[in-house]
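Inside the fold
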Amino acid sequence: QCIKRGRLKGRAGGWSPLDTDRYQWLQVDLGSRKQVVAIVTQGRYNSFDWTSKYRLLYSDTPKNWRPYLQDGNIWTFEGNINSEGIVRHELQHAILARYIRFIPLDWSREGRVGVRLEFYGCSYWADVISFDGHGVISYRFRSKKMKIIKDVISLKFRTTAGEGVLLHGEGQQGDYISLELHRAKLQLSINLGSNQYGSIQGHTSVTSGSLLDDDHWHSVVIERYRRNVNFTLDHHTQQFRTNGEFDNLDLDYEISFGGLPVSAKPSLGGKENFVGCMEGITYNGDNITSLVRRKKVDTTTFRNLTFFCAESNSFPVFFNSTSFLRLLGQSDSDTLSVSLSFRTWNPNGLLMFTALADGWVEVGLTEGKVTVYMNVTQKKNTRIDVSSGSGLNDGQWHSVHLNALENYAMLTVDGDEASTVRTAIPIQIQTGGTYYFGGYFLHTNARSLQRSFQGCMQMIHIDDHLADLRAVEQGLIGTFENVSLDMCAIIDRCVPNHCEHGGRCSQTWDTFNCNCSGTGYTGATCHTSLYQQSCVEYKHQGKSSGSYWIDPDGSGSIAPFRVNCEMAEERVWTTLRNNLSPQTAISKADQEGKAVLQITYNVTDEQVLSITSSAVSCEQYVAYACRMSRLLNSPDGNPFTWWVGRANERHFYWGGSGPGIQKCSCGIEHNCTDPKHYCNCDADLRTWREDAGLLVYKDHLPVNQVVIGDTRRAGSEAKLTIGPLKCQGDRNYWNAASFTSPASFLHFPSYTGETGTDISFYFKTSSTHGVFLENLGSASAIHIELRGSVILFSFDVGSERVELSVHSPVPLNDDQWHRVEAEKNIKEAVLQLNGKYREIRPTPPQGHAKQEFYSDLYVGASSGQRGFLGCMRALKINGMTFDLEERAKITSGVNPGCQGHCSSYGMHCRNGGKCVEQYNGYSCDCSLTAYDGPFCTDDVGGYFETGTLVRYDFLPELGPFALQEMKSLSVVGIPSEANLTKEELVFSFSTYSAPSILVYISSRTQDYVAVVLRHNGTLQIRYRLGGLTEPYTIDIDHRNMANGQPHSVNITRNLREIQLQLDHYPVSTYTLPEASDTEFNLVKSIFLGKVFETGQIDPILIERYNTPGFVGCLSKVQLNSVAPLKAALRSGMTAPVSTHGILVPSNCGASPLTISPMASASDPWHIEAAVFPFSEDKAIGDGVDRNSAIIGGIISTVIFTVLCIMVFVIRHMFRHKGSYHTNEAKGAESADCADAAIIVNDPAFTETIDESKKEWFI
């Protein structure tokens, strides 16, 4: 067709092929190489013919075509929808070529293929030099040695070779720069200098690109300033910084292009010279190709210097998954010979298939190996399998040669004759003469296994003759289907690597996959962190204190790291430990008299900053113990010691003080050893002193180095302690804003988007609809919205709109916190709600812009839609937290902060703990429970020694307020005496002791409840509520519970019904007799471990179970809302509770530790077994032993006598007038001195003495 007829707006009709199918194309010859930047299309004039989708191929010659690529894909252009409309596309990257092919892919349904088109661009000219593998351009410097601080080198190259040196320069001091092809990838190596001791290594190597042996032009630009380098290959730039400490590139004599110079070091030998073409070579402003043409540069190594690029003889064939090529060879021949070259990413595929006169032969790829299957049916289906090579699906060109002669077959891969595989053939073969390459799709023959080949082939030989593929293209020989001739459209989808955070990329012909194992990230591109952003987030998942991995910036560049999380009741601490042991002695000083201690934390500076910047506060304990070693000197003098913190800044204050104040904590508090000084150590005393305190200015933390300057004097000593860095809270996690109007929004200008984008936030609302956020004015618009119980996430990819939705089974307008996580990347989009419900959808392959885009982000709706009403917090995009609070302060309709956290997180407060709202979170109030800890889950228990008891007294009745059930108690205070119709008693215990009283609840009447262990270790519950002559007892006879194991007891009474649950056994129900009262009148006291009470007490209880008392562990003791044991063990609680005897806090999770007496033979402290490291006269040693024994006996006797006298005096002084009646066996003597001490020291007891009542002494 005449191209003039194809011009736009012409009336000649345009171009339309005779046949309308996918094999048509229009080729445009621009006359010479041009730089094309845009294409405009239109349908045929006055017709129903137009092209709706098309591709472009280009080349310098009318063969070896290259498809136009964009965003790593063969690009499909959107064309016309009618015959007169004009559609223009600006090319993302300019095409540099003489010939362009227009390939229609889809066209008008009413007509046929048709187009009028124009290309826009400009002229291009450059000097081209052909390199034959021998010639090298040597560009000599004006001076022998060049000390270069800045370099700009650029060139274009074209080659079919995968190896070769493009440029090289070196210096005598070891500096060098080298650019070379290795396995069809470009490798840049730079060394700005290493020292002779090896402590400074300057070698730096960076690899870019792939498949660069495709015989197409590739552009390279290297820009260096000092150690900073920009390395650009075909519009993709890598930025890096060279190793070492030197800035200059010191080169001697020359820099060479096309290979190594003659003067190169012998150690660099063995590298191949470049074979191919170069153009536009410039070095620091000098046009090298122009100098070569003007013969200003040494080119004596060239055999024949030419200034044009020879055409390639290769003719590749491109196969997709539905392609095959059919060629003919000799038939009825007893020799079969086939060879070809291929390149692919797929591990499996059919390369060649041919039917024999009786049987068949198949050559294919299986798991990256070349395999040959021969099936000879004449002789009982004889099948022969041969394989060779490995990893041949690496995208490189590989050759295969199969030879089958009289009685054997040979398979050679990559021309390696040494590894040729031979196999015997039982009979002589006879060829069929027809060969299929790349696929075999006859449904009547299933032997090919339908393993289609995706990739490229070239240099196909049949019967040792090269197949004329150009004749195939012209339809003269052979047939083909769905192949692209004279083109290899292979794409390396792993270069550049879309797998983030060190993910490992693998690929097939159609796609790539990321292996994220060991990276700490997950997702299709390893974009999303596996870990939470802080300890605060772990706490709100219900986690307890421990060691955790955190990732403060999520998908950002900072890698996850491990910290210790301390979940206190109201605060969460993040702790980073360092390498310095406490009380580290200061050793040697340097030449300046300073001792320098480096403090490391096993994390990077960026990771530490990510914690301190988001924390509410940070602190670090420091201590300096000294003897004649001064610390800071006077505020006006030069300090002897300083520490180095963040940003490598020196600080001259110490723990307990602040920036700008050269003092220690004692100087601030005016209590230093010497009032003349502001630190204890500055008094310079010969005795040990210490200056210690907390550093709390978080912008200075952590302590990275301490320099100590006063340890060289005689007698000077010092010890240093640097505690862990502790940071509290996470401001980012609670950074919140409240939207009070559907028209309100927060505006964040210059929002940065990328190909991979993730967005996460928490929200809570009572509204059913609203836009969470959107960014407008961008080619990649993002929109997240709430619609009823559905979250919608939509975004643009090129011209397509992608939408994901997640439906929640529970209402989202429940005013509880919900989390939204959305991510889009080059492979897929993911929307997740509350970490449970998600939708994943693949993204379109086209339209992913590689460069960053900038647009305005609106939190809320700005485009006239209904905006979000409610609270939003912790908004994070690509690892960056958006400060909602600060922006809300200056925005009408939006308020900073949010309340109502308990509605979402209150379920984490366990065991009856009450959730308490706070501005930036919540806490659990455990005061009305028997538990402690941030979530009221930590058991509170104690170990009781013999005679230990805990007593809790209720206040006399003050009015209508009575003891209430734990769940309904709303007044915090000390309960008063009450009449109970229902109660719940819960506790756990472990003991080997029986009999004993576990819990006893007394009253001002004769009512009581007791839980005891009988002599055989079984449990008995005794209820006496009046109306009965004897207590109602519940005996649990089937188990010995005094077995040292932990047991839990839950007794719940409602009127006459009693429910009992032991451990995890089913609940048992009992009923009080009808004669029994249902009120527990005037509850007075709770006793644990032992009973000591005045008034009427059940004599059986006292006689059988009260002596010597409970020995073991009690925990989680609670009567309705009263926790007596917790009140006794927590000194900060004000409660009418008293403890007598030894009560040791214990979690009671295991049996009490019991240690049997150690035999004297194995006791290291037994005097007869002691072996001393010296030997003296035996008589003297014996005398020392006897004297020691005598002295010890005297001391023991004196101590015993004094104790007895003290007991007698105390008993006499505090003896009560009147008689004591005991309920123990007759003839028993008075209680011992220890019990007497319990009586007189019990403040509650003295208030209950009544001379008119009988008194019980137990």
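Position numbers for residues count from 1 along each chain, tracking the sequence in the order it is written. Totals for whole chains, interfaces and linings use every residue, but because this is a predicted model, local features are given only for residues with pLDDT of at least 70 and side-chain atom pairs only at 80 or more, for both listing and counting. Neither water nor hydrogens contribute to the side-chain values; these are computed over all heavy atoms in the structure.

1. Let's talk about the overall build of the chain
When its secondary structure is counted, the chain shows twelve helices and 81 strands. When accessible area is computed with a 1.4 Å probe and restricted to protein chains, residues below 20% of their type maximum are described as buried, those above 50% as exposed, and intermediate ones as partly exposed. The buried share of the chain, reckoned over its 1258 residues, is 50%. Whether two residues touch is decided by their heavy atoms; if any such pair falls within 4.5 Å, the residues are in contact. Considering only contacts within the chain whose residues lie at least 6 apart along the sequence, 69% involve residues at least 24 apart. Under the convention used here, a 1.4 Å probe and the Shrake-Rupley method define accessible areas, while residue burial counts only the protein chains that appear. Surface accessibility of the chain: about 59300 Å² in total, with carbon and sulfur atoms responsible for 51%. Helix and strand definitions follow DSSP, with helices as H or I runs of at least four residues and strands as E runs of at least two, each counted in order from the N terminus.

2. Thoughts on the nonpolar core
Counting 62 residues, the largest nonpolar core has Tyr-624, Trp-654, Val-703, Leu-720 and Ile-722 as the members making the most contacts within it. Residue contributions to this core peak at five residues, all from strand E49 (residues 717–728). Throughout, nonpolar core names a set of buried Ala, Val, Leu, Ile, Met, Phe, Trp, Tyr and Cys residues whose side chains join them through atoms within 4.5 Å. One finds Phe-987, Ile-1001, Leu-1013 and Ile-1021 within the second-largest nonpolar core, a separate group that totals 44 residues.

3. Describing the state of the cysteines
Two cysteine sulfur atoms form a disulfide, by the criterion used here, when they sit within 2.5 Å. Across all of its chains, the model carries 14 disulfides by this definition. Residue pairing for Cys-535: its cysteine sulfur links by disulfide to Cys-565, the two sulfurs lying 2.0 Å apart. The disulfide joining Cys-535 to Cys-565 has a torsion of about -70° about its S-S bond and is therefore left-handed. With Cys-535 in helix H3 (residues 535–539) and Cys-565 in strand E40 (residues 561–567), the pair connects residues that are 30 residues apart, well separated along the chain. For the pair shown, Cys-535 and Cys-565 are each scored as buried. Residue Cys-666 pairs covalently with Cys-672 via a disulfide, S to S 2.0 Å.

4. As for the UniProt feature "domain: EGF-like" (unreviewed entry) in the chain
UniProt positions are given in the numbering used here, feature names are shortened, and annotations may be inferred rather than shown by experiment. The feature "domain: EGF-like" (unreviewed entry), as given by UniProt, occupies residues 490–527 and 899–937 in the numbering adopted here. Between the end C-alpha atoms of residues 490–527 the distance is 26 Å, and the span holds 0% helix and 26% strand.

5. Examining the sheet that holds strand E45 (residues 641–644)
The antiparallel open sheet is built from four strands, whose spatial order is E43-E48-E45-E46. Here the strands that pair on one side only, and so sit at the sheet edges, are strand E43 (595–598) and strand E46 (650–651). At least two bridges found by DSSP between two strands are what make those strands a pair. In this sheet, strand E48 (residues 705–708) lies alongside E43 in antiparallel orientation, the contact comprising four bridges. Bridging from a neighbouring strand, Gln-598 pairs with Gln-705 of E48.

6. As for the sheet that holds strand E72 (residues 1008–1013)
Strand order in the open sheet made by the seven strands is E74-E73-E72-E71-E78-E69-E80, with antiparallel pairing throughout. A single partner strand is all that each edge strand has here, and the edge strands are strand E74 (1032–1036) and strand E80 (1137–1140). In this sheet, neighbouring strand axes are inclined to one another by 10° on average, regardless of whether the strands run parallel or antiparallel. For helices, the fitted line uses only the C-alpha atoms of the stretch in contact; every axis is such a line through C-alpha atoms, and the angle between N-to-C directions lies from 0 to 180 degrees.

7. A word on the side chain of Ser-154
Locating Ser-154 in the fold gives a position in strand E11 (residues 150–158). Residue Ser-154 is classed as buried on the basis of its relative accessible area, which comes to 19%. Among the polar contacts listed, one links the side chain of Ser-154 to the side chain of Thr-282, at a separation of 2.4 Å. Discounting chain neighbours no more than four positions away, the residues touching Ser-154 are Val-220, Val-221, Gly-280, Ile-281 and Thr-282. N or O atoms within 3.5 Å of each other form a polar contact, as long as, within protein, one can give a hydrogen and the other can take it, and as long as residues adjacent in sequence are counted only when both atoms are side-chain atoms.

8. Details of the pattern of salt bridges
Here a salt bridge means any side-chain nitrogen of Lys or Arg lying within 4 Å of a carboxyl oxygen belonging to Asp or Glu. A complete count under the given rule lists 40 salt bridges for this structure. The closest approach of N and O atoms between Asp-151 and Arg-224, which form a salt bridge, is 2.9 Å. Here the residue Asp-151 occupies a position in strand E11, and Arg-224 occupies one in strand E16 (residues 218–225), the gap between them amounting to 73 residues. As far as the burial class goes, Asp-151 and Arg-224 line up, both buried. Measuring nitrogen to oxygen at the nearest pair gives 2.7 Å for the salt bridge that ties Arg-1053 to Glu-983. Taken together, the residues Arg-1053 in strand E75 (residues 1047–1054) and Glu-983 in strand E70 (residues 982–991) connect sequence positions 70 residues apart.

9. With respect to the packing of aromatic side chains
Geometry of aromatic contacts follows a simple scheme: Phe, Tyr and Trp rings, the Trp one being its six-membered ring, pair when their centres are within 6.5 Å, and the pair is stacked under 30 degrees between planes, edge-to-face over 60, tilted otherwise. If you walk through the whole model with that rule in mind, you get 35 aromatic pairs. In our convention, an over-ring charge means Lys NZ or Arg CZ found within 6 Å of a ring centre and within 35 degrees of that ring's normal. A cation sits over an aromatic face here: Arg-88 above Tyr-120, 4.6 Å from the ring centre. Against the face of Phe-935 rests Lys-539, its NZ or CZ located 5.9 Å from the ring centre.

10. Remarks on a nonpolar patch on the surface
In this scheme, patches are assembled from residues that exceed 30% relative accessible area and form no salt bridge. Like charges are connected within 9 Å, while nonpolar side chains (Val, Leu, Ile, Met, Phe, Trp, Tyr) are connected within 5 Å. On the surface, a nonpolar cluster with roughly 240 Å² of combined accessible area is contributed by Tyr-621, Leu-694 and Val-696. Tracing the backbone shows Tyr-621 in strand E44 (residues 617–627).

11. Topic: the pairing of E48
Of the two faces of E48, the one carrying Gln-705 and Val-707 and the one carrying Val-706 and Ile-708 are both buried. Summarising the sheet, E45 and E48 pair through four bridges and their orientation is antiparallel. Bridging across to E48, Thr-641 finds its partner in Ile-708.

12. Considerations on the confidence of the model for the chain
Each residue gets a pLDDT score, which is the predictor's confidence in that residue and runs from 0 to 100. Residue-level pLDDT values for the chain average 83, and 84% of them are 70 or greater. Note that residues 1–5 has pLDDT below 50 and, in this model, six contacts with residues that lie over four places away or in other chains. Contacts for the low-pLDDT stretch residues 443–449, under 50 throughout, to residues beyond four places or in other chains number nine contacts.

13. Structural notes on the side chain of Ser-314
Structurally, Ser-314 is set in the loop between helix H1 (288–293) and strand E22 (317–328). Not counting chain neighbours up to four residues away, the residues in contact with Ser-314 comprise Gln-458 and Asp-486.

14. Points about the pairing of strand E68 (residues 941–944)
Relative to strand E79 (residues 1112–1119), E68 runs antiparallel, the two sharing four bridges. Counted as the bridge partner of Gly-942 is Leu-1114 from E79. In terms of strand pairing, E68 meets strand E81 (residues 1143–1145) through three bridges, oriented antiparallel. Note that in E81 the partner of Tyr-943 across the bridge is Val-1144.

15. Quick notes on unusual backbone geometry
In this structure, Pro-496 follows Val-495 across a cis peptide bond, with omega equal to 0°. On the secondary structure map, Pro-496 appears in the loop between strand E34 (479–485) and strand E35 (504–507). In this structure, Pro-1108 follows Thr-1107 across a cis peptide bond, with omega equal to 5°. Here Pro-1108 lies in the loop between helix H8 (1099–1105) and E79. We note that Arg-183 has phi near 55°; this positive angle belongs to a residue other than glycine. Tracing the sequence through the fold places Arg-183 in the loop between strand E13 (176–182) and strand E14 (185–191). Even without a glycine there, the phi angle at Lys-1116 is positive, about 55°. Locating Lys-1116 in the fold gives a position in strand E79.

16. Considerations on the environment of Trp-397
Here Trp-397 shows up in the loop between strand E27 (382–388) and strand E28 (398–404). According to the relative accessible area criterion, Trp-397 is partly exposed, its value standing at 22%. When the C-alpha positions of Trp-397 and Gly-162 are compared, they lie 9.3 Å apart, and in sequence the two are 235 residues distant. In this view, Trp-397 contacts Asp-213, Ser-341, Phe-342, Arg-343, Asp-414, Cys-456, Met-457, Gln-458 and Cys-488; residues no more than four positions away in its chain are not counted.

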